[in-house]
Amino acid sequence: MASAKRNKTYRSPEASAFYTAGLILLGIVVIAFIISLFWTPFAPDATDASSKLLAPCLRHPFGTDNFGRDVLSRVMSASKYTIFISIAGVAIALILGTAAGIPAGYYGGLADRGIMLLNNSIMCFPGILLALVAVAVFGASVTNVIWALGLVFAPTFARVCRVGTMEIKELDYITHARVMGVRPGRIMTLHIFPNLIPQLLPATVIGLANMTLFESGMSYLGLGVQPPDASFGKMLADAQAYIRVAPWLIIFPALMLVFYILGLYFISEGLRVSLSKGGK
Amino acid sequence: MQSKAGYLIGKTVELILTLLVVSLLVFAAFSIIPGDTARVMLGPDASESQVELLRAEMGLDKPLATRYLTWLASLITFDPGKSYAYNVSVGELIAQRLPVTIGMSVIAMIMVIIISYPLAVLSARKPGRLGDQVCSVIGHVLFAIPPYVASLLLILLAGSIFSLLTVGNYVRPSDDFAGYIACLLLPSFAVALPKIAMSFKFLRSSIIEQKTADYVRTSKSHGLSDLKILIRHVLPNSNVSSITIISIILSDILGGSLIVEQVFNLPGLGRLLLSAISRRDFPLLSGIVFYLAFVTVLLYFISDIASSLADPRIRLK
């Protein structure tokens, strides 16, 4: 029966395909990360002069690099930074963005104008530039990369929150709450914020992916995760000199990086499809 | 309804305000450097008198507001002081590096348009068909590949299969214009790839949306051919949203080319930026950052004006 099908768990086949593909790709990286916490085939930074630049073989499934380090082990441990930085950075962006966006949308007027002017000004810097400057000024370290990316991404969330709040505050239940004398702070945190979650969720997932794009670019330039810690970007930068002789040094880190980003994109597409179709 | 002139004035005021805030942000970023800027720039080995000299030279002994105003005035006259590391004026250094960055951005933008438009039109003809689905999946994958990773993969492919394009040799446009274009092709393509996917996605959905509009049905009942409807009605209407997308894409391309230059060893703004970062050359750094942001602000401004001319309804919002 048609009506029975439209229960709470109904998902369009398109959304399901996106979720499945996304979770598989993301799963590969996350599982590699979880395993790396307990075990890697070799120590990620253990050099071995007798096995430099080995092509993928049984002992080293992803080959070895110019110091004889096992690429599989390095890729596994590099996933840690990718995952950690993207989650921490998005958390900062989310907190700052909601803290600025909801009041801007709720109060409107001059506060709104001021916040949006700052917002738009930050968005005028070509993405990575602001993060690079922050790192240039405060030095390259994981903490600074996280703060820089958090700041750069905050305006995106602020925008989502502001628009959502402007719609929600016109609804009857908010007027009721206001008439009953509920304080603005309470209205914003308890009545508006929970209703923004459906819009914030896809933005968060996309934010994780974009943040990874930026972080890996910064690490590639040598301004992100610092050696000897492995990160996808740094691995790719180091591998460039051996691009002709050892393409596996490029291919495996690139694959893992793209799996993570693509997995997140697919999940956000799935969310977008199911939310836009009113799929409950 | 707001008049054309009123809209233009409002937008111009917004432009100037945004530029002011942008300049304040850049200035603030370089003023809150922990410790003494001159000391940070010179490093721990410099003597106290050297530091004093640099402080006076950079005007660091003057109050913050004065420094900001002098800096702002120097930006407007396109002469934002001297680079500390190169000992050349910042404007000159930037001008030297512009051909690479601008060339790459222009070529990449052309690639985005000539590849994504036809594909989007073809895909939107019969959405859901195999060809459309293949394009969409490839689009998603391309979107997820960072430009610098795409560059490495392209070098791998181009190097081993064609060995056509020499990587890492930059030719000046004044020496050999064809050679200049040729050496920028591969890097531009790497920058363009994810943006082709982005532009394809937006155009495709906007064409599909337009096709269900009433005016398309009316034109069809008047006997217009599909091609004519597409060219005369559907595309112009989807152009409005693509003006905005194009300005976003252009600013992304600019940011992406900063990194890709590094992969291909091209002497563009990106490399200048990196050397300014590693040498702690703050006058140069702040100049590059401000002018890059300035270009982006200008792009958004132009795109706002262009979309309001293409679609007067926008002025109502």
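Thresholds applied
- Residues numbered from 1 in each chain as written.
- Chains lettered and ligands numbered in written order.
- Predicted model: local features only at pLDDT ≥ 70, side-chain atom pairs only at ≥ 80, totals over all residues.
- Helix = DSSP H or I, 4+ residues; strand = E, 2+ residues; numbered from the N terminus.
- Buried ≥ 20, exposed ≤ 12 C-beta atoms within 10 Å, placed from the backbone.
- Contact = placed C-beta atoms within 7 Å.
- Nonpolar A, V, L, I, M, F, W, Y, C, P; charged D, E, K, R; others polar.
- Axes fitted to C-alpha atoms, helices over the stretch in contact; angles between N-to-C directions.
- Parallel < 35°, antiparallel > 145°, perpendicular 65-115°, else oblique.
- Left-handed = near helix turned anticlockwise from the far one by under 90°.
- pLDDT = per-residue confidence, 0-100.
- Expected span 1.5 Å × (residues − 1).

Observations regarding the overall build of chain A
Within chain A one finds 10 helices and zero strands. Helices and strands appear in chain A in the N-to-C order α-α-α-α-α-α-α-α-α-α. The C-alpha extent of chain A, read off along each of the three principal axes, is 75 × 60 × 30 Å. Across the 280 residues that make up chain A, the buried fraction comes to 50%. Looking at chain A alone, contacts between residues at least 24 apart form 73% of all its contacts between residues at least 6 apart.

Here we look at the overall build of chain B
Each helix and strand in chain B was counted, giving 12 helices and zero strands. Each helix and strand of chain B, placed in order from N terminus to C terminus, yields the pattern α-α-α-α-α-α-α-α-α-α-α-α. Reported as C-alpha extents along the three principal axes, the dimensions of chain B are approximately 85 × 60 × 35 Å. Across the 317 residues that make up chain B, the buried fraction comes to 37%. In chain B, of all internal contacts separated by at least 6 residues, the share reaching a separation of at least 24 is 71%.

Points about the interface of chain B and chain A
Facing the 36 residues of chain B at the interface are 32 residues of chain A. For the side of chain B that touches chain A, the elements supplying multiple residues, two or more each, are α1 (4–31), α6 (130–143), α7 (147–162), α10 (226–264), α11 (269–278) and α12 (282–310) of chain B. Residues that form the side of chain B that touches chain A fall into these classes: 28 nonpolar, seven polar and one charged.

Some words on the packing of α1 of chain B against helix α4 (residues 64–76) of chain B
Residues and elements named next belong to chain B. With their axes 11 Å apart at the nearest point, α1 and α4 run at an angle of 125 degrees to one another. When the axes of α1 and α4 are compared, the pair comes out oblique. Here α1 and α4 pass one another in a crossing that is right-handed. Counted together, Ser23, Phe27 and Ser31 of α1 and Leu64, Tyr68, Trp71, Leu72 and Leu75 of α4 form the full contact between these two elements. Of the residues in the contact of α1 with α4, the class split is six nonpolar, two polar and no charged.

Description of the confidence of the model for chain B
The predicted coordinates should not be examined in detail at positions where pLDDT is low. All names here are of chain B. The pLDDT averaged across chain B works out to 82; a share of 93% of its residues lies at or above 70. Mean pLDDT in chain B bottoms out at helix α2 (residues 37–42), which sits at 70, and peaks at helix α5 (residues 90–125), which reaches 89. For this predicted complex, the interface confidence reaches an ipTM of 0.83, while the overall pTM sits at 0.87.

Considering the environment of glycine 139 of chain B
All names here are of chain B. Tracing the chain through its elements places glycine 139 in helix α6. Sequence separation between glycine 139 and lysine 201 is 62 residues; the distance between their C-alpha atoms is 7.5 Å. Apart from the residues lying within four places of it in its own chain, the contact partners of glycine 139 are Ala197, Phe200 and Lys201.

Points about helix α3 (residues 71–107) of chain A
Residues and elements named next belong to chain A. The end-to-end C-alpha distance of α3, which contains 37 residues, comes to 53 Å, matching closely the 54 Å that a straight helix rising 1.5 Å per residue would cover. A large share of α3 lies buried, amounting to 26 of its 37 residues. With its phi angle positive at about 65 degrees, glycine 108 sits one or two positions after the end of α3.

Quick look at unusual backbone geometry
A positive phi angle, close to 60 degrees, is found at asparagine 265 of chain B, a residue other than glycine. Along the polypeptide, asparagine 265 of chain B turns up in the loop between α10 and α11.

Notes on the packing of α3 of chain A against helix α10 (residues 248–276) of chain A
Residues and elements named next belong to chain A. Closest axis-to-axis distance for the α3/α10 pair is 11 Å, and the angle between their directions is 30 degrees. For the pair α3 and α10, the sense of crossing is right-handed. Mapping the contact onto sequence places Val71, Val75, Ala78, Ser79 and Thr82 in α3 and Trp248, Leu249, Phe252, Pro253, Met256 and Tyr260 in α10. Partitioning the contact of α3 with α10 into residue classes produces nine nonpolar, two polar and no charged.

Quick look at the environment of arginine 172 of chain B
Checked against the element boundaries, arginine 172 of chain B lands in the loop between α7 and α8 (177–211). For arginine 172 of chain B, a count of 13 C-beta atoms within 10 Å translates into the label partly exposed.

Quick look at helix α5 (residues 128–138) of chain A
Residue and element names in this part refer to chain A. Among the 11 residues of α5, 10 are classified as buried, and the element is accordingly described as predominantly covered. All buried positions along α5 are accounted for by Ile128, Leu129, Leu130, Ala131, Leu132, Val133, Ala134, Val135, Ala136 and Val137. The first or second residue beyond α5 is glycine 139, which carries a positive phi of 95 degrees.

What to know about the environment of glutamate 14 of chain A
All names here are of chain A. Mapped onto the elements, glutamate 14 comes out in helix α2 (residues 13–38). A count of 14 C-beta atoms within 10 Å places glutamate 14 in the partly exposed class. When the C-alpha positions of glutamate 14 and valine 273 are compared, they lie 7.5 Å apart, and in sequence the two are 259 residues distant.

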